[in-house]
Amino acid sequence: MLQRDHVRLEWRTPYPALERARSVAWTCFCRATVYELYEGAGQAFIRRTIQLDGGHEIHETAVRPIHETRAVWTGLLSGRAR
(Lines give C-alpha, C1' and ligand atoms only; values in the text may rest on other atoms or scores of the structure.)
Protein backbone atom coordinates (compact mmCIF):
# COMPACT_ATOMS: atom_id res chain seq x y z
CA MET A 1 0.00 0.00 0.00
CA LEU A 2 1.33 3.42 -0.93
CA GLN A 3 1.72 6.07 1.69
CA ARG A 4 0.01 9.43 1.30
CA ASP A 5 3.14 11.22 0.05
CA HIS A 6 4.14 8.49 -2.44
CA VAL A 7 3.69 8.64 -6.21
CA ARG A 8 2.70 5.54 -8.15
CA LEU A 9 4.55 5.36 -11.47
CA GLU A 10 2.84 4.00 -14.56
CA TRP A 11 5.18 1.57 -16.32
CA ARG A 12 4.62 0.97 -20.03
CA THR A 13 6.02 -1.26 -22.74
CA PRO A 14 8.98 0.55 -24.37
CA TYR A 15 8.35 2.46 -27.55
CA PRO A 16 10.75 4.50 -29.70
CA ALA A 17 9.93 7.85 -28.15
CA LEU A 18 13.32 9.51 -28.17
CA GLU A 19 15.72 8.05 -30.71
CA ARG A 20 18.69 10.02 -29.45
CA ALA A 21 18.03 9.74 -25.72
CA ARG A 22 20.96 8.63 -23.63
CA SER A 23 21.27 7.20 -20.17
CA VAL A 24 22.52 9.92 -17.80
CA ALA A 25 22.02 8.18 -14.43
CA TRP A 26 21.36 4.65 -13.24
CA THR A 27 21.17 2.40 -10.24
CA CYS A 28 23.53 -0.52 -9.66
CA PHE A 29 23.40 -3.31 -12.24
CA CYS A 30 24.16 -5.73 -9.40
CA ARG A 31 20.47 -5.58 -8.39
CA ALA A 32 17.62 -7.59 -9.88
CA THR A 33 15.86 -4.34 -10.82
CA VAL A 34 17.83 -1.55 -12.49
CA TYR A 35 16.53 1.98 -13.10
CA GLU A 36 17.97 4.35 -15.70
CA LEU A 37 17.24 8.01 -16.36
CA TYR A 38 17.22 8.82 -20.09
CA GLU A 39 17.34 12.35 -21.51
CA GLY A 40 17.28 13.82 -25.00
CA ALA A 41 15.85 16.77 -26.93
CA GLY A 42 14.58 18.45 -23.74
CA GLN A 43 12.56 15.36 -22.78
CA ALA A 44 13.22 12.44 -20.44
CA PHE A 45 11.90 9.11 -19.18
CA ILE A 46 12.87 6.40 -16.70
CA ARG A 47 13.54 2.84 -17.80
CA ARG A 48 13.11 -0.11 -15.42
CA THR A 49 14.86 -3.37 -16.29
CA ILE A 50 14.01 -6.47 -14.29
CA GLN A 51 16.77 -9.03 -14.72
CA LEU A 52 15.41 -12.57 -14.81
CA ASP A 53 17.09 -15.95 -15.16
CA GLY A 54 15.75 -16.37 -18.70
CA GLY A 55 16.30 -12.79 -19.89
CA HIS A 56 14.90 -9.46 -18.79
CA GLU A 57 11.76 -7.30 -18.82
CA ILE A 58 11.94 -3.63 -19.74
CA HIS A 59 9.34 -0.97 -18.96
CA GLU A 60 9.44 2.81 -19.24
CA THR A 61 7.60 5.79 -17.88
CA ALA A 62 5.91 8.29 -20.16
CA VAL A 63 8.13 10.91 -21.79
CA ARG A 64 8.01 14.25 -19.96
CA PRO A 65 10.05 17.44 -19.73
CA ILE A 66 13.48 16.85 -18.17
CA HIS A 67 12.75 18.84 -14.98
CA GLU A 68 9.61 16.80 -14.27
CA THR A 69 11.34 13.47 -14.88
CA ARG A 70 14.31 14.45 -12.71
CA ALA A 71 11.87 15.15 -9.85
CA VAL A 72 10.34 11.70 -10.35
CA TRP A 73 13.85 10.18 -10.48
CA THR A 74 14.70 11.79 -7.15
CA GLY A 75 11.44 10.45 -5.70
CA LEU A 76 12.21 6.97 -6.99
CA LEU A 77 15.68 6.94 -5.44
CA SER A 78 14.40 8.27 -2.12
CA GLY A 79 11.53 5.78 -1.93
CA ARG A 80 8.75 8.31 -2.52
CA ALA A 81 7.85 6.91 -5.95
CA ARG A 82 7.25 3.33 -7.05
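Residues numbered from 1 in each chain as written. Predicted model: local features only at pLDDT ≥ 70, side-chain atom pairs only at ≥ 80, totals over all residues. Heavy atoms only, no water.

Turning our eyes to something else, we now look at the overall build of the protein chain. Across its full length, the protein chain carries 1 helix and 5 strands. Listing the helices and strands of the protein chain from first to last along the sequence gives β-β-β-β-β-α. Taking 12 Å as the expected radius of gyration for a compact globule of 82 residues, we find that the protein chain reaches 13 Å, a close match to that expectation. Along the three orthogonal principal directions, the C-alpha set of the protein chain runs to about 35 × 35 × 20 Å. By residue count, 35% of the 82 residues in the protein chain fall in the buried class. Long-range pairs, those at least 24 residues apart, make up 43% of the contacts in the protein chain with a sequence separation of at least 6. Accessible surface computed for the protein chain: about 5700 Å², of which carbon and sulfur atoms make up 49%. (Helix = DSSP H or I, 4+ residues; strand = E, 2+ residues; numbered from the N terminus. Rg over C-alpha atoms; globule rule 2.2 N^0.38 Å. Buried < 20%, exposed > 50% of the residue type's maximum accessible area, 1.4 Å probe, protein only. Contact = heavy atoms within 4.5 Å. Areas by Shrake-Rupley, 256 points an atom, 1.4 Å probe, with all protein chains shown as cover.)

Mapped onto the secondary structure, R47 falls in strand β3 (residues 43-52). A polar atom in the side chain of R47 sits 3.1 Å from the side chain of Y38. Aside from chain neighbours lying at most four places away, what touches R47 is W11, V34, Y35, E36, Y38, I58, H59 and E60. (Polar contact = N/O pair within 3.5 Å; in protein donor to acceptor, adjacent residues only side chain to side chain.)

This next bit is on the pairing of strand β2 (residues 33-40). Counting buried residues along β2, 6 of its 8 residues qualify, which places the element largely inside the surrounding structure. Relative to β2, strand β1 (residues 22-26) is paired through 4 bridges, and the arrangement is antiparallel. Within β2, the residue paired with A25 across the bridge is L37. Taking the residues between adjacent antiparallel strands as the criterion, β1 and β2 are bridged by 6 residues. Of the strand pairs in this sheet, β2 and β3 are connected by 8 bridges, and their pairing is antiparallel. Bridging from a neighbouring strand, V34 pairs with T49 of β3. Here β2 folds back onto β3 in antiparallel fashion, the turn holding 2 residues, of which A41 has a positive phi close to 55°. (Pairing = 2+ DSSP bridges.)

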